[in-house]
Amino acid sequence: MLDQKTLNRIVITAVSLGFLLLIGIGIAAAVMVQRNLDHTRWVNHTYEVEKALADFRVINERLETTRRGYLLSGDPSFHRIFEETAALHGPAISRLQALTEDNPSQRVRTARLAAMAQRQASILRSSIAGGQTSENFLDDEGVRLTWSIRAVAQQMADEESRLLVERDNVRLRGVRE
């Protein structure tokens, strides 16, 4: 039979092990919560970049569309809308640049977008001022720049989609661990 002293030691050891187990479980839970928060932050960041990119794409398309509308109709409301939209171009690029600071390949693409967008706005503004476009739509530099901007924007969207899949895979691996 166990004496009282031995029994007390067993009880204290069992209670201590139970507390250590609870502390370990608490630490594991805190680590999992932190991982989940990090994952959520990165997924939200991806969605922010995708939204900013979609906003930029709309602005870019609207610039070309309003320029073409003005050149075809001479309606001054198209010119007004063009100028209002052109005023949004720079801030949209700045937002993309700020959101993609953490990604070197996206920073390069955003810098290309910024340079092309600035050139595009200048060309479109000049064609409006001169009231003319190229005889051949395919030879119009503003149109070619619009296509190039679309291509770079699509590359950025593809990269963000890839990052989202990668981040989801990291989360799923974390859940399995």
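Note that the structure is a prediction, hence the values are computed from the model and not measured. (Residues numbered from 1 in each chain as written. Predicted model: local features only at pLDDT ≥ 70, side-chain atom pairs only at ≥ 80, totals over all residues. Heavy atoms only, no water.)

If you tally the helices and strands in the chain, you get four helices and zero strands. Going residue by residue from the N terminus, the α and β elements of the chain occur as α-α-α-α. Relative to its 177 residues, the chain shows a buried fraction of 31%. Counted over contacts in the chain with a minimum sequence separation of 6, partners at least 24 positions apart contribute 75%. A total accessible area of about 11,100 Å² is found for the chain, and carbon and sulfur atoms account for 61% of it. Of note, the chain has its 23 positive side-chain charges centred 6 Å away from the centre of its 22 negative side-chain charges. (Helix = DSSP H or I, 4+ residues; strand = E, 2+ residues; numbered from the N terminus. Buried < 20%, exposed > 50% of the residue type's maximum accessible area, 1.4 Å probe, protein only. Contact = heavy atoms within 4.5 Å. Areas by Shrake-Rupley, 256 points an atom, 1.4 Å probe, with all protein chains shown as cover. Lys, Arg positive; Asp, Glu negative; His and termini not counted. Charge placed at Lys NZ, Arg CZ, Asp CG, Glu CD.)

The next subject is helix α3 (residues 104–130). Between the first and last C-alpha of α3 there are 39 Å, a value that for 27 residues agrees with the 39 Å anticipated at 1.5 Å per step. Here α3 has its buried residues at Gln 106, Arg 109, Thr 110, Leu 113, Met 116, Ala 117, Gln 120, Ala 121, Ile 123, Leu 124, Ser 127 and Ile 128. Within two residues after α3, Gly 131 carries a phi angle of roughly 65°, on the positive side. (Expected span 1.5 Å × (residues − 1).)

Where helix α1 (residues 4–73) meets helix α2 (residues 76–99), the axes come as close as 8 Å, and the angle between the chain directions of the two elements is 155°. Comparing the axis directions of α1 and α2 gives the class roughly antiparallel. Like other packed secondary-structure pairs, α1 and α2 cross with a definite hand, here left-handed. Looking at side-chain class alone, the contact of α1 with α2 contains 17 nonpolar, eight polar and four charged residues. (Axes fitted to C-alpha atoms, helices over the stretch in contact; angles between N-to-C directions. Parallel < 35°, antiparallel > 145°, perpendicular 65-115°, else oblique. Left-handed = near helix turned anticlockwise from the far one by under 90°. Nonpolar A, V, L, I, M, F, W, Y, C, P; charged D, E, K, R; others polar.)

What follows deals with the environment of Ala 117. In this structure, Ala 117 sits in helix α3. Between the C-alpha atoms of Ala 117 and Thr 146, which are 29 residues apart in sequence, the distance is 8.3 Å. Beyond its immediate chain neighbours, meaning those up to four positions away, Ala 117 contacts Phe 56, His 89, Ile 93 and Ile 149.

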